[in-house]
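Analysis of the macromolecular model
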Amino acid sequence: MANVHDAAAWNGETGERWVRMSDMMDSVLAPAGDLLLQQAGPTSGKYVLDIGCGAGATSLRAARIVVPDGMVTGLDVSGPLIGEARRRLANAKLTNATFEHGDAAHWSAPAPYDIAMSRFGVMFFDDPPGAFANIRKALKPGGEMVAITWNRPELAELFSLPKQVISPFLKYPPPAQNLYEPGPFGLSDEVYTRKVLEQAGWSDISITAQDLVLKVAPEHIRDFYNNTPLPALVDAQELDEGPIRAAFTAALEDRRDDSGSACLKSGVWVVRARA
Ligand SMILES: C[S@@+](CC[C@H](N)C(=O)[O-])C[C@H]1O[C@@H](n2cnc3c(N)ncnc32)[C@H](O)[C@@H]1O
């Protein structure tokens, strides 16, 4: 099946959409960023590669930690997102980060890194063993990779809630999710992920489940619908959008905590391996 998360998509409308929603998604995905930085543990002087860095939130956080002698490279296949990351870098006035437009499956590192890290940026490869072998080559011997990936779709309310809300409105079932094709759940089966990393030559592999609570801030609840798969499903099945949007917003309202944020429980994997 064609890879709907390929370079063309990330350089086209998908990438543009991520740029438009990058501030909102950084706020929602903040707990995953915290987990990544805590697990990857960059310290002063380290050289860090952030794979599939998107608009660069985690790269910029790492760059602030590795000063004064460390460096961070954010790598992403999406031109629009790298453009946004460079814009943020200029605003942040950091001099120890760069953003590179390239495919992690083929990119040649200019110098070896201590740490490769990723927040949801390594599940989209056409040839996962080949891509992870290439990433391994970018690290110093013994260097570590830490990636946060999604656990199975039913464990992530960020994905399961929209699906649950739209199901009574659907004219026919949407295509079944294939866990082994490039996409958000491309590494959601830990047995498969381990095999991929072993084939790619990594050692000391550990894959640990973590439960996060992602929060949609009060000011984002009304627009969050646009950041879900719902608009695409509505278009594909020519559905009446109004009631679906209203039902989804109501479902978020039901999940508000004391601060007014909507809480979405989401299971992730912490994938760790040594080069
Ligand atoms: C779900 S987004 C996550 C972005 C970012 N890490 C974050 O947490 O905001 C996935 C990112 O992976 C990037 N990506 C997908 N395939 C890639 C590849 N082969 N090489 C480099 N980046 C890739 C996409 O362009 C996108 O920015």
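Look a little higher up for the structure.
So, here is what we can say about the structure in this document. On a predicted model such as this, the values are computed, not experimentally measured, just so you know.

Regarding the nonpolar core
One finds Val-48, Ile-51, Tyr-113, Ala-116, Met-117 and Ile-135 to be the most contacted residues of the largest nonpolar core, which totals 74 residues. Setting aside its immediate chain neighbours within four residues, Ala-116 contacts Leu-49, Ile-51, Ile-135, Ala-138, Leu-139 and Met-145.

Brief notes about the site of the ligand
As a structural note, the neighbourhood of the ligand is formed by 21 residues, with Trp-10, Gly-52, Gly-54, Ser-78 and Arg-119 the closest of them. Mapped by element, the contributors of at least two residues to the shell around the ligand are helix H5 (57-66) and strand E2 (71-76). Its residues placed into classes, the shell around the ligand shows 13 nonpolar, 5 polar and 3 charged.

Some words on the sheet that holds strand E3 (residues 97-101)
Taken in spatial order, the 7 strands of this open sheet run E3-E2-E1-E4-E5-E7-E6, and their pairing is mixed. The sheet is open, and its two borders are formed by E3 and strand E6 (203-216), each paired with just one other strand. Strand after strand, the sheet turns through a mean of 20° between neighbouring axes, direction not considered. Bridge count for strand E5 (residues 139-150) against strand E7 (residues 262-274) is 7 bridges, and the pairing is antiparallel. Bridging across to E7, Ala-147 finds its partner in Val-271. With respect to the sheet, helix H6 (residues 79-92) is in contact with E2 and E3, its orientation differing from that of E3 by roughly 165°.

A few points about the packing of helix H7 (residues 128-137) against helix H9 (residues 190-199)
Look at H7 against H9: their axes get within 8 Å of each other, and the N-to-C directions meet at 55°. By the angle between their axes, H7 is oblique relative to H9. Of the two possible hands of crossing, H7 and H9 adopt the one that is right-handed. Side by side, H7 and H9 meet where Pro-128, Pro-129 and Phe-132 of the first sit next to Val-196, Leu-197 and Gln-199 of the second. Its residues assigned to classes, the contact of H7 with H9 shows 5 nonpolar, 1 polar and no charged.

Points about the pairing of E2
The buried fraction of E2 is high, at 6 of 6 residues. Across the two faces of E2 the burial is the same, with Met-71, Thr-73 and Leu-75 and Val-72, Gly-74 and Asp-76 all buried. Direction of pairing for strand E1 (residues 47-51) relative to E2: parallel, over a ladder of 5 bridges. Within E2, the position partnered with Ile-51 by the bridge is Leu-75.

About the cut-offs
What you see as residue numbers is a count from 1 along each chain, following the sequence as written. In keeping with the model being predicted, local features are shown solely for residues with a pLDDT of at least 70 and side-chain atom pairs are shown and tallied solely at 80 or more, while totals for entire chains, interfaces and linings include all residues. Residues of type Ala, Val, Leu, Ile, Met, Phe, Trp, Tyr and Cys that are buried and joined through C-beta atoms within 7 Å form what is called a nonpolar core. Around each residue's C-beta, the other C-beta atoms within 10 Å are counted; 20 or more make the residue buried, 12 or fewer make it exposed, and counts in between make it partly exposed. All C-beta atoms are placed from the backbone. Any two residues are considered in contact once their C-beta atoms, placed from the backbone, lie within 7 Å. The C-beta atom of each residue is placed using the backbone, and any residue whose C-beta lies within 6 Å of a molecule or strand is treated as near it. Note on conventions: DSSP H or I runs of at least 4 residues are helices, E runs of at least 2 residues are strands, and numbering of each starts at the N terminus. Gly counts as polar in this scheme, as do all residues outside two lists: the nonpolar Ala, Val, Leu, Ile, Met, Phe, Trp, Tyr, Cys and Pro, and the charged Asp, Glu, Lys and Arg. A pair of strands is considered paired only if DSSP assigns at least 2 bridges between the two. Lines fitted to the C-alpha atoms define the axes, with helices restricted to the stretch that makes contact. Angles between their N-to-C directions range from 0 to 180 degrees. Note on angle classes: values under 35 degrees are labelled roughly parallel, values over 145 roughly antiparallel, values of 65 to 115 roughly perpendicular, and the remainder oblique. The handedness criterion is simple: a crossing whose near helix is rotated anticlockwise from the far helix by less than a right angle is left-handed, and one whose near helix is rotated clockwise is right-handed.

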